[in-house]
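# Topology and contacts: notes
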Amino acid sequence: MNLDDLISEYAGIEVRLADPSVHADQNLARRLGKRYAELRPIVETHRDLAVTEDDLAAARELAREDEAFAAEATELEKRREDLEERLRRLLVPRDPSDGKDVILEVKAGEGGEESALFAGDLLRMYLRYAERSGWKTEVLDSHPSDLGGYKDVTVAVKAKGGQEEGVWTRLKFEGGVHRVQRVPATESQGRIHTSAVGVLVTPEAEDVDVQIDPNDLRIDVYRSSGPGGQSVNTTDSAVRITHVPTGTVVSCQNEKSQLQNKEQALRILRSRLLAMAQEEADAAAAAERKSQVRTVDRSERVRTYNYPENRISDHRVGYKAYNLDQVLDGDLHNVTQALVDADMERRLAEAQGS
């Protein structure tokens, strides 16, 4: 879509959001609100640019009679250039999932109990980052380890209404193998160990994104269990759903009722099926997905967390900083921004080359 089309779409959504009947359908109102928030920076930048161009023309005309206006014209020229660059970046074709919420999974890999403990550390990092970003989080499923970490944990992360940036925009680059170098709590000799944790991020699908035929599902129920295999529930409340056509399996046991676990499992399943559909439809999406976790092996890492040096390194963009303690406390913005910026430069180059 060109700029005029986007401005027209924004105006149309503004009219629809003013209609009380639209808000009777919460899903529709939410989708319109998200799109409105996405388009707002484009429209506002365009308006600022138009005003700046008018002011610049006036300042240049006045400068012919009074040199005092020459300095103002120079400032307005710089502002116009900045706004043009901002608008150019905003108009670069974006990831169609950028406005979506996400399902984030953290899985322990090589390193045994130490890997499970670090999976717990990463979970806390993402939960705190979400809190700093004004997002809502919900743990959908988890399997704790014996020492207080996680064998695997699944979390839904949602943006609040009116936020310009979707969660996927920031968290989509977290997928991959995260390597930790530290002295484990289980190490008695004080030696540094290297362990690996896998992170998988998928955009959360809405009902309109993925339609699932109930006949394609095999649903099994069983008793949930806690660390060490100890039963924590005397009823068959845990649910395992198999999507027969794709072989995708999802299980949930966190909730007390079978119905709640089934609903949570279906949320995860829809998101996984959406990611699979996008892979098939878009080769770029497939390449991106393949860069995420396949096998949680220490050698296939996207990021390293080095505790002795208090260092965090992202190997994809060469990012390095010595504030690991702050990052683990949720100060993840600079790390994600480096990845967002690198992706923007790539897309700008592709847009200019096409």
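Every chain's residues receive numbers from 1 upward, in the order its sequence appears when written. Where local features are concerned, this predicted model is filtered to residues with pLDDT of at least 70; where side-chain atom pairs are given and counted, the filter is 80 or more; whole-chain, interface and lining totals use all residues. The basis for every side-chain value is the complete set of heavy atoms in the structure, and neither hydrogens nor water enter the calculation.

- Under the annotation held in an unreviewed UniProt entry, the protein chain carries the name Peptide chain release factor 1 and is attributed to Actinomadura graeca.
- UniProt positions are given in the numbering used here, feature names are shortened, and annotations may be inferred rather than shown by experiment. You can read under Sequence similarities (unreviewed entry) in the UniProt record for the protein chain the words "Belongs to the prokaryotic/mitochondrial release factor family."

## Some thoughts on the overall build of the protein chain
- Secondary structure summary: the protein chain contains nine helices and eleven strands in total.
- Think of it in three bands: with a 1.4 Å probe and only protein chains considered, a residue is buried below 20% of the maximum accessible area for its type, exposed above 50%, and partly exposed in between. Considering the protein chain as a whole, with its 354 residues, one finds that 43% of them fall into the buried category.
- Contacts are assigned to residue pairs that have any heavy atoms within 4.5 Å of one another. At a minimum sequence separation of 6, the contacts of the protein chain that also span at least 24 residues come to 63%. Strands here are runs of E lasting at least two residues and helices are runs of H or I lasting at least four, both read from the DSSP assignment and numbered beginning at the N terminus.

## Structural notes on helix 1 (residues 3–17)
- How far a helix is expected to stretch is found by multiplying one less than its residue total by 1.5 Å. Spanning 15 residues, helix 1 covers 21 Å between terminal C-alpha atoms, matching the ideal 21 Å at 1.5 Å per step.
- Three or more residues of helix 1 are buried, namely L3, L6, Y10 and I13. The buried residues of helix 1 all sit within an arc of 85° when viewed along its axis, so they share a single face. Counted as exposed and oriented over 90 degrees from the buried face of helix 1: D4, S8 and V15. The directions from the helix axis to the C-beta atoms form the arc being described.

## A few points about empty space enclosed by the protein
- For each structure, a 1 Å grid was placed over the protein atoms alone; sets of points admitting a 1.4 Å probe that cannot get out are labelled cavities, open sets with protein on both sides within 12 Å along at least five of seven lines are labelled pockets, and lining residues have an atom within 4 Å of a point. Grid points are joined across faces, edges and corners, and a volume is the space filled by probe spheres set on the points. One pass over the structure, following the stated rule, counts one cavity of 30 Å³ or more.
- Around the largest cavity, the lining residues are L104, L123, Y126, L127, T137, V155 and V157.
- Only helix 4 (112–133) and strand 3 (150–158) provide two or more residues apiece to the lining of the largest cavity.
- In terms of residue count, the dominant contributor to the lining of the largest cavity is helix 4 (three residues).
- A breakdown of the residues in the lining of the largest cavity according to their chemical character gives six nonpolar, one polar and no charged. Residues are grouped as follows: Ala, Val, Leu, Ile, Met, Phe, Trp, Tyr, Cys and Pro are nonpolar; Asp, Glu, Lys and Arg are charged; every other residue, Gly included, is polar.

## With respect to a negative patch on the surface
- The patches described consist of residues with a relative accessible area above 30% and no salt bridge, like charges being joined within 9 Å and nonpolar side chains (Val, Leu, Ile, Met, Phe, Trp, Tyr) within 5 Å. In this description, accessible areas are obtained by the Shrake-Rupley approach with a 1.4 Å probe, and a residue is regarded as covered only by the protein chains that are shown. Basic side-chain nitrogens of Lys or Arg form a salt bridge, by our definition, when they fall within 4 Å of a carboxyl oxygen of Asp or Glu. His is not counted, nor are the chain ends, whereas Lys and Arg count as positive and Asp and Glu as negative. Working definition for charges: the position is that of NZ of Lys, CZ of Arg, CG of Asp or CD of Glu. On the surface, E53, D54, D55, E72, E75, E81 and E84 cluster together into a patch of negative charge.
- Sorting the residues of the negative patch by element identifies helix 2 (26–63) and helix 3 (68–90) as the ones contributing at least two each.
- You can see D54 is positioned in helix 2.
- Residue D54 is classed as exposed on the basis of its relative accessible area of 56%.

## Describing helix 4
- Along its 22 residues, helix 4 runs 32 Å from first to last C-alpha, staying within 8% of the 32 Å computed at 1.5 Å per residue.
- Just downstream of helix 4, G134 is the residue with a positive phi angle, here 80°.

## Some words on the packing of aromatic side chains
- Here a Phe, Tyr or Trp ring, Trp counted by its six-membered ring, pairs with any other such ring whose centre lies within 6.5 Å, and the pair is stacked when the planes are under 30 degrees apart, edge-to-face when over 60, and tilted otherwise. One pass over the full model with this rule turns up three aromatic pairs.
- Taking 5.2 Å as the distance between ring centres and 65° as the angle between the ring planes, the aromatic pair formed by F118 and Y305 counts as edge-to-face. Of this pair, F118 sits in helix 4 while Y305 sits in strand 9 (residues 303–306); the two residues are 187 residues apart in sequence, bridging distant segments of the chain.
- Aromatic side chains Y129 and W135 sit 5.4 Å apart centroid to centroid with 80° between the ring planes, which places their arrangement in the edge-to-face category. Taken individually, Y129 and W135 each receive the classification buried, so the pair is uniform in this respect.
- Two limits define a charge over a ring: the Lys NZ or Arg CZ must be within 6 Å of the ring centre, and within 35 degrees of the ring normal. Its end group placed over the ring of Y307, R182 keeps NZ or CZ at 4.8 Å from the ring centre.

## Overview of the pairing of strand 10 (residues 311–314)
- Residues R311 and S313 of strand 10 are buried on one face, and the alternating residues I312 and D314, pointing to the opposite face, are buried as well.
- The turn joining strand 9 and strand 10, which pair antiparallel and follow one another in sequence, is formed by four residues; a positive phi near 55° is taken by N310.
- Two strands pair under a simple rule: DSSP has to find at least two bridges between them. Pairing of strand 10 with strand 11 (residues 319–321) involves three bridges; the strand directions are antiparallel. Within strand 11, the residue paired with I312 across the bridge is A321.

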